[in-house]
Structures are given as structure tokens and as C-alpha cells.
Amino acid sequence: MNDIFQSVEPMIPALRRYARALLRDATAADDLVQDCLERVIAHWHRRRNNDPRTWVFSILHNVAVSHLRQRQRRGAHLSVDEIGQEAFAYRPTQEDGLLRQDILDAIGQLPEEQGSVLLLVSVEDMSYAQVAEVLAIPVGTVMSRLSRARERLRQILEHPARPIARPGTQLRRIK
Amino acid sequence: MSGKPITEDDLHAYIDGLLDDIRRADVSAYLEAHPEVASRFARYGDHRADMRAALDPVADEPVPTRLNLTHLMAARQSGRSSVWRSAAAAIILLVAGGAGGWGLHGVLQPRGEGVDALAGEAMDNFATFASDTVRPVELRSDNMAELVAWATQRIGRKPVLPDLSKSGYRLMGGRIVSTPYGAGLMLMYDNDRSTRLVMLSRPMKADRNQTMTSYSQGNVDGWSWATGGMGYSIVGPMPANELHPLADDIRRQVMARA
């Protein structure tokens, strides 16, 4: 079991980063990473994939997608005081904080399947073949999603005046 | 210059730093000659850098205690070593399962063996097989002639294997499963995002012809109906309204071949 420490432990910061980017909610993102790690520990000896990184990311991705789908169905339950802090991936504390929040909001407006390709390529530095393995799709599909994601992101950022509803309604529960 | 035409894929690989030196030189030369393309990809490159700047601070945060691998492993091992705890849990599950099952008996089968019962059976099969990563289906889609022969023999009529490719779902394969009313055919489909759907069909004694009805149990929704003495149920991890066009499509294909 020592190899799990060598392979998986160094990935944890990146897993948190990817989950946070997809969910834009720090607590929910760490919940997913915890769920992912528990599955990784349980199935470590049965993994069939030679590349632990794509295997672990594919588990996280599947956990995240089913979470997002449930959230889309039910609306995220956020109490009012959670919205102010935790719901945002990044609290702007520097001058460029707003710019950073803009790009994260823009990624949030992409369809999930485009956003995940863009994040795995751009932020997690995966090769296109690795992304294909994580998402269990052909490399050609990775390329077409990447191309659409980048163009869509550019349009969102260049025409910020047009507000686009976020996928998934947020149901607010007032205490 | 290698003479190979520059593709959109090359341009993405250029900003992602995934090209070898020779190809990178080709792409550089192309971009110099095509300022409009160059400016579009320069924007993509800027966004790439912005994304990293926005998200890298997350990876620099200290890892929370609950994500400490050592703790998670220890929690799992202590859970395992406690045989008695597992035994107790098994007894509780057995009792809960029995009680729950008896409770559901009334909920799921108000009309005996009709389409309501079929919907429950399809959801049970979904719960068991859709999450199976080892062998979700007994016969895979490259072996469909055998599946059709098997189902024909066990169920007594030739099954229809609906084609859902129009909706992006491929037939993974299927198996004969047990239902309280005899053998049924379970088919499983998946899409590019590994979302799995289960379709169950079996002969009907009650509800031999029944209009389509939606069902929901936990996160799994489905539609069930019966036509000509055969019942059909399609279930999946998505809202019933998303499944509706698939159910209609299956019904059409079944009717067409009836």
C-alpha cells in the first residue's frame, strides 16, 4: 500500500484545484475529493489503468459530474451566509482579484463537458491523450470540445455585458 | 518546414506546449503569416494563463485534515479490522432490508405484477448492474446474435434490441435476469460520458397493454409501459423528462418490429 502514498498523495492539491474549478464551492469540492480518495483507497489494487493520475482524475471527474447533475436537478442548497464566502472559489483580495473571478465565472458558464476538457488541458497540464482517458472519450472529441470551449470562453469574456444564466439554479434556503 | 498543413489541433497544441521543436517552428511561421489567427490564439493563450493564475492558489493551500491520506487509510483499516462491527452491520442491513423490502412491497406493487412492478425490477437491476465495473453485462454488443437467441429461448419470443444511437447511447450488451414473474431481458446502454441506462423487458400477465408512466426512486428515474403482452422499462440516473424521448424512441422501434 506504500505506492499509494507515492502516487496519490502528491496529486491531492491538484485534485482540490480541479474540483474547486468545477464546483466553485470550496466545501463541496473538498467533499468530492474526499469521496474520490476513499474510492481510490478501496479500489487501488483493482485498478486496471497504468497511469495512476488519469485513473484518479477519472474517479474524481465521475464523482463531480454526478454531483453536478444532482445539483442541477435539485438546485444547490446554500444558506445565506454560505453564499458570501464559500460559494466563491476565490475571494478577491488583490488588485487582479476581479479579473480572476471573471475567468472562473466564465468557465462556470461553459457546458460541463467543455469546461472539464479546458481545465484538464490548461490547468492540469494533461496531454490530449490523457484527457481522453480521464473522460473516456476519443481524442478527436477532446480536440473539438477544447476548440469550442476556448472560442466560447473568448466570446463570454469579450462580451461580458450579456448575462448568461449559470447552469443549474441555486435554491436559496433562508434560515 | 515539413510541408504538412497546419491544423486547428496544431494551433491548440502550440499554446499548450505539446508540440515538438520542428512542428513548433512550422506553427510559429504560420502564425507570423496569419495575424488574425495569431491574435485569436494569443487570446486563448492569455486565458490559459489567467485560469492558472486564478486556480493555482487553491493548490497552494494546505491540504485539509480530512483529506490527509494517512488518516483516510487508517480509517479504512480500522473499519476493516472490526469483524464484529461488520457482522453487526450485516445483521442491521439484513433486518432493514427485510423490513424495507416488505415496506416497498406495498409501494412498488400496488397492482401485483403490472408495469409498476416492472419499473421496480428495472430500478433494482439498474442499481445492481449499472454500477458494476467488472462485468455489467453478460454478453457484450459484439455478441448480440447470441443474446437474441438466449433471450428467445428463455422468454419465448424474439426480443427487439432498440438502437439509441440517435440520442448518443450505444448498446453495451445485456443479460437474462430473474424477475418475480420469470426471466427478463436486461439491456444496458452508455454514452460518451459513461452514463448508463438500463432497459428491462419481460412478458406481462397483468397490464398486458399499458400506457407509458414515469417512475422515480432516489436519483433514478424511468418510464414503463406494456404492449402486446410485453412490458418495457427504461431507467437511468437523470430526470424523467430527459428519458422521455428515449422511451418514445424505444416504443416506436418495438412497435415497428412487432
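Remember, predicted model here, so these are calculated numbers, not experimental data. (Residues numbered from 1 in each chain as written. Chains lettered and ligands numbered in written order. Predicted model: local features only at pLDDT ≥ 70, side-chain atom pairs only at ≥ 80, totals over all residues.)

### Details of the interface of chain B and chain A
Applied cut-off: Placing C-beta atoms from the backbone, we regard two residues as in contact once those atoms come within 7 Å. Numbering of helices and strands starts at the N terminus; helices are DSSP runs of H or I of at least 4 residues and strands are runs of E of at least 2.
At the junction of the two partners, chain B supplies 33 residues and chain A supplies 43 residues. Counting only elements with at least two residues in the side of chain B that touches chain A, the list comes to helix 1 (8-15), helix 3 (35-60) and helix 4 (69-81) of chain B.

### Remarks on unusual backbone geometry
Quick reminder of the rule: Residue burial here comes from a neighbour count, namely the number of other C-beta atoms, placed from the backbone, that lie within 10 Å of the residue's own C-beta, with 20 or more meaning buried, 12 or fewer meaning exposed, and in between meaning partly exposed.
The phi dihedral of R24 of chain A falls on the positive side, at around 55 degrees, and the residue is not glycine. Looking at the secondary structure, you find R24 of chain A in the loop between helix 2 (12-23) and helix 3 (26-43). Backbone geometry at S194 of chain B places phi at a positive 60 degrees, although glycine is not the residue there. Considering the arrangement of structural elements, one finds S194 of chain B in the loop between strand 3 (182-190) and strand 4 (196-203). The class for S194 of chain B is partly exposed, based on 13 C-beta atoms found within 10 Å.

### Brief notes about the sheet that holds strand 5 (residues 210-217) of chain B
Working definition: the strands of a sheet are paired by backbone hydrogen bonds and lie parallel or antiparallel to each other. Residues and elements named next belong to chain B. Rule in force here: For two strands to be treated as a pair, DSSP must find at least two bridges joining them. For helices, the axis comes from a line fit to the C-alpha atoms of the stretch in contact; other axes are also lines fit to C-alpha atoms, and the angle between any two N-to-C directions lies between 0 and 180 degrees.
Strand order in this open sheet of 7 strands is 1-2-3-4-7-6-5, and the pairing throughout is antiparallel. Looking at which strands have only one partner, the edges of the open sheet turn out to be strand 1 (139-140) and strand 5. Inspection of the sheet shows strand 4 paired to strand 7 (residues 230-236) by 6 bridges, in the antiparallel sense. Looking across to strand 7, one finds that P203 is bridged to M230. Of the strands in this sheet, strand 4, strand 5, strand 6 (220-227) and strand 7 are in contact with helix 8 (residues 240-257), which crosses strand 6 at around 25 degrees.

### Considering the confidence of the model for chain A
Should the pLDDT be low somewhere, the predicted coordinates at that spot are not to be read in detail. Residues and elements named next belong to chain A. Under the convention used in this document: What pLDDT reports is the predictor's confidence in each residue, on a scale of 0 through 100.
Looking at chain A, the pLDDT average stands at 81 and 75% of residues meet or exceed 70. Looking at the elements of chain A, mean pLDDT is at its lowest for helix 5 (residues 80-85), recorded as 43, and at its highest for helix 7 (residues 112-122), recorded as 96. Per-residue pLDDT stays below 50 along residues 78-95; that stretch engages in 29 contacts with residues further than four places along the chain or on separate chains. Every residue in residues 162-175 scores below 50 in pLDDT, and together they form 22 contacts with partners more than four places removed in sequence or on other chains.

### A look at the nonpolar core
Just so we agree on the cut-off: Put simply, a nonpolar core is buried Ala, Val, Leu, Ile, Met, Phe, Trp, Tyr and Cys residues tied into one set by C-beta atoms within 7 Å.
Membership of the largest hydrophobic core comes to 48 residues, with the highest contact counts inside it found for A19, L32, L60, I107, L118 and V131 of chain A. Taken together, the elements giving at least two residues each to this core come down to helix 2, helix 3, helix 4 (52-74), helix 6 (97-109), helix 7, helix 8 (128-135) and helix 9 (139-158) of chain A together with helix 3 of chain B. For this core, the element with the most residues is helix 3 of chain A, which contributes 8 residues. If sequence neighbours within four positions are ignored, V131 of chain A has contacts with V117, L120, V121, M126 and V142 of chain A. Core analysis: the second largest hydrophobic core is formed by 36 residues, V115, A151, V198 and I234 of chain B among them.

### Some remarks on helix 6 (residues 115-130) of chain B
Filter applied, for reference: An expected span of 1.5 Å times one less than the residue number is assigned to each helix.
For helix 6 of chain B, spanning 16 residues, the distance from its first C-alpha to its last is 21 Å, which sits close to the expected 22 Å at 1.5 Å a residue. Burial analysis of helix 6 of chain B places 13 of its 16 residues in the buried class, the great majority of the element.

### Some words on the packing of helix 7 of chain A against helix 9 of chain A
Residues and elements named next belong to chain A. To keep things clear, this is the line we draw: By the definition adopted for this analysis, an angle is roughly parallel if under 35 degrees, roughly antiparallel if over 145, roughly perpendicular if from 65 to 115, and oblique otherwise. As a working rule, the residues Ala, Val, Leu, Ile, Met, Phe, Trp, Tyr, Cys and Pro are called nonpolar, Asp, Glu, Lys and Arg charged, and the rest polar, with Gly in that last group.
Interhelical geometry of helix 7 versus helix 9 gives an angle of 95 degrees and a closest axis separation of 8 Å. Taken together, the axes of helix 7 and helix 9 lie roughly perpendicular to each other. Residues E113, Q114, G115, V117, L118 and V121 of helix 7 form the contact with helix 9, whose own contacting residues are V142, R145, L146, R148, A149, R150, R152 and L153. Here the contact of helix 7 with helix 9 is composed, by residue class, of 7 nonpolar, 2 polar and 5 charged.

### Remarks on the environment of G115 of chain A
All names here are of chain A. For G115, the location among the structural elements is in helix 7. Judged by local crowding, G115 falls into the buried class, with 22 C-beta atoms found within 10 Å. Here the alpha-carbon distance between G115 and R148, two residues 33 residues apart in the chain, equals 9.9 Å.

### Quick notes on the pairing of strand 7 of chain B
Residues and elements named next belong to chain B. Taking burial as the measure, the 7 residues of strand 7 include 7 buried ones, the bulk of the element. Covered by surrounding structure in strand 7 are M230, Y232, I234 and G236 together with G231, S233 and V235, the residues of both alternating faces. Counting the residues in the hairpin turn of strand 6 and strand 7 gives 2 residues, including G228, whose phi is positive at 60 degrees.

### What to know about the environment of I59 of chain A
Residue and element names in this part refer to chain A. With respect to the secondary-structure elements, I59 resides in helix 4. Along the sequence, I59 and L37 sit 22 residues apart, while their C-alpha atoms lie 8.8 Å from each other. In this view, I59 contacts C36, R39 and V40; residues no more than four positions away in its chain are not counted.

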